[in-house]
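Chain by chain, the residues:
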Amino acid sequence: VNLPVEAMALQTDGKIIIGGMFSLCNGTSRNYLARLNSDGSLDTTFNPGSGADEWVRAIALQQDGKILIGGDFLTYDGTPCNRIVRLNEDGSIDTSFTTDGGPNGNVMAIAAQPDGKIIIGGNFSFYSGIPCSLIARLGQDGSWDSSFNQGTGMEGTMVRAITLTANGKILVGGRFDAYGGILRHNLVMLNADGSVDQVFIPGAGPDQDVWAIAIQPDGNIL
């Protein structure tokens with residue numbers, strides 16, 4: 001690619017979806033999103049059309065093979081979609097996913113739950129006109145999920161990473177000082193309902209932003 005890659009996701013068939021700042025992939029026009037074969041060559045069966053009109057910063061794969069992307073973009077293949085869109089496996093837009101206005105800021109992280117719900121994070125403060133601070137959960141159709149209770153929400157400027165644990169809890173990293181009125185510096189674990197998991201106590205937490213989180217097979221967290 002001709003400019004940086006900011007997000008990647010590995011499909012079960014070994015193909016790799018990449019997103020970022022680029023406009024070319026292996027010499028072929030691909031605006032901010034492309035799929036590679038397992039050998040690194042461009043997968044031409046994945047056709048994003050004109051692609052996104054701005055950076056793609058997050059990619060998540062659903063269990064049904066559909067692809068969630070988030071970032072700074074306002075259109076995908078010429079269709080309005082405010083910073084988040086769901087794609088079919090061939091790169092076309094999944095029109096069953098509608099955000100009704102979507103977030104008012106960039107989407108920097110996405111996690112797809114096994115039940116089809118979707119957690120997004122970024123620097124937004126509203127989703128479809130509903131107040132939410134840096135994080136929100138959506139239903140399978142892209143609508144606001146009111147069962148995710150943030151309380152007073154995140155106190156900070158950005159969520160950069162969201163990872164799900166095996167038991168359904170939610171690890172969130174970024175640049176923040178508290179969540180729901182509870183002190184958590186740049187790293188917090190949430191219960192499935194959006195409340196803070198008070199068993200996971202990171203103490204003073206990281207002294208700088210958290211950009212990535214991974215969970216080992218033994219449950220330890222990187």
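Notes on the structure in this doc start here. Sequence order sets the numbering: in each chain, residues are counted from 1 along the sequence as written. Local features in this predicted model are restricted to residues of pLDDT 70 or higher, and side-chain atom pairs are both shown and tallied only at a pLDDT of 80 or more, whereas totals for entire chains, interfaces and linings draw on every residue. The basis for every side-chain value is the complete set of non-hydrogen atoms in the structure, without hydrogens or water.

1. Quick look at the overall build of the chain
Only DSSP runs of H or I with at least four residues qualify as helices, and only runs of E with at least two residues qualify as strands; both kinds are numbered from the N terminus onward. A count of helical and extended segments in the chain gives zero helices and 19 strands. Scaling as 2.2 N^0.38, a compact globule of 222 residues should have a C-alpha radius of gyration of about 17 Å, and the chain matches this with 17 Å. Reported as C-alpha extents along the three principal axes, the dimensions of the chain are approximately 50 × 40 × 30 Å. Going through the 222 residues of the chain one by one, you find that 47% of them count as buried. Pairs at least 24 apart in sequence give 35% of the contacts found in the chain among residues at least 6 apart. What sets the accessible areas is the Shrake-Rupley method with a 1.4 Å probe; for residues, cover comes only from the shown protein chains. As displayed, the chain offers around 9,900 Å² of accessible surface, 52% of which is attributable to carbon and sulfur atoms. For the radius of gyration, the atoms used are the C-alpha atoms, and the globule rule reads 2.2 Å times the number of residues raised to 0.38. Under the scheme applied here, a residue whose accessible area is under 20% of the maximum for its type counts as buried, over 50% as exposed, and between as partly exposed, the area being computed with a 1.4 Å probe on protein chains only. We call two residues in contact when some of their heavy atoms are within 4.5 Å.

2. So, the side chain of Arg137
Residue position: Arg137 is located in strand E15 (residues 135-138). Any pair of nitrogen or oxygen atoms within 3.5 Å is treated as a polar contact; in protein, a donor-acceptor pairing is required on top of that, and neighbouring residues in sequence qualify only through side-chain atoms on both sides. At 2.7 Å, the side chain of Arg137 forms a polar contact with the side chain of Asp145. A polar contact is formed between the side chain of Arg137 and the backbone oxygen of Ala192, at a distance of 2.6 Å. Ignoring anything within four residues of it in the chain, the contact list for Arg137 reads Gln113, Lys117, Ile118, Ile119, Ser143, Trp144, Asp145, Ser147, Phe148 and Ala192.

3. Some details on the layout of surface pockets
Using a grid of 1 Å spacing that covers the protein atoms alone, one calls a set of points a cavity when a 1.4 Å probe fits there but cannot get out, and a pocket when the set is open and has protein on both sides within 12 Å along at least five of seven lines; lining residues are those with an atom within 4 Å of a point. Grid points are joined across faces, edges and corners, and a volume is the space filled by probe spheres set on the points. Put simply, the largest pocket is a space of about 480 Å³. Lining the largest pocket we find 21 residues, and of these Ile59, Ala109, Ile110, Ile162 and Thr163 sit closest to its centre. Three residue categories are used. Nonpolar comprises Ala, Val, Leu, Ile, Met, Phe, Trp, Tyr, Cys and Pro, charged comprises Asp, Glu, Lys and Arg, and polar comprises the others, including Gly. By residue class, the composition of the lining of the largest pocket is 17 nonpolar, one polar and three charged. Counted as a void, the second largest pocket has a volume near 220 Å³. Along its surface, the second largest pocket is lined by 13 residues, and Gln11, Thr12, Leu61, Gln62 and Gly65 are the ones closest to its centre. Of all the elements, strand E6 (residues 56-61) adds the most residues to the lining of the second largest pocket, at three residues.

4. Focus: the sheet that holds strand E12 (residues 118-122)
For two strands to be treated as a pair, DSSP must find at least two bridges joining them. If you walk across this open sheet you meet the three strands as E11-E12-E15, and the pairing is antiparallel. With partners counted over all chains shown, the strands left at the sheet margins are strand E11 (107-112) and E15, one partner each. The sheet shows a mean angle of 20 degrees between the axes of neighbouring strands, direction not considered. For E12 and E15, the ladder comprises four bridges, and the chain directions are antiparallel. Under this scheme, a helix contributes an axis fitted over its contacting stretch, all axes are lines through C-alpha atoms, and angles between N-to-C directions fall in the 0 to 180 degree range.

5. Some thoughts on a negative patch on the surface
On the surface, a cluster of negative charge is contributed by Asp13, Asp64, Glu89 and Asp90. Mapped onto the secondary structure, Asp13 falls in the loop between strand E1 (5-10) and strand E2 (16-20). Here, patches come from residues exposed beyond 30% relative accessible area and free of salt bridges, joined within 9 Å for like charges and within 5 Å for nonpolar side chains (Val, Leu, Ile, Met, Phe, Trp, Tyr). The rule for a salt bridge is simple: a side-chain nitrogen of Lys or Arg has to be within 4 Å of a carboxyl oxygen of Asp or Glu. In this tally, Asp and Glu contribute negative charge and Lys and Arg positive charge; neither His nor the terminal groups of the chain are included. Charge placement uses NZ in Lys and CZ in Arg. For Asp and Glu, CG and CD serve respectively.

6. Digging into unusual backbone geometry
Despite not being glycine, Arg83 has its phi angle at roughly 75 degrees, a positive value. Within the secondary structure, Arg83 is located in the loop between strand E9 (79-80) and strand E10 (84-87). Owing to a relative accessible area of 17%, Arg83 belongs among the buried residues under this scheme. With a phi angle near 75 degrees, Leu134 is a residue other than glycine that sits in the positive phi range.

7. Remarks on a nonpolar patch on the surface
A contiguous nonpolar surface patch, about 280 Å² in accessible area, is contributed by Val1, Val5 and Met8. Take Met8: it is sitting in strand E1. For Met8, a relative accessible area of 61% puts it in the exposed group.

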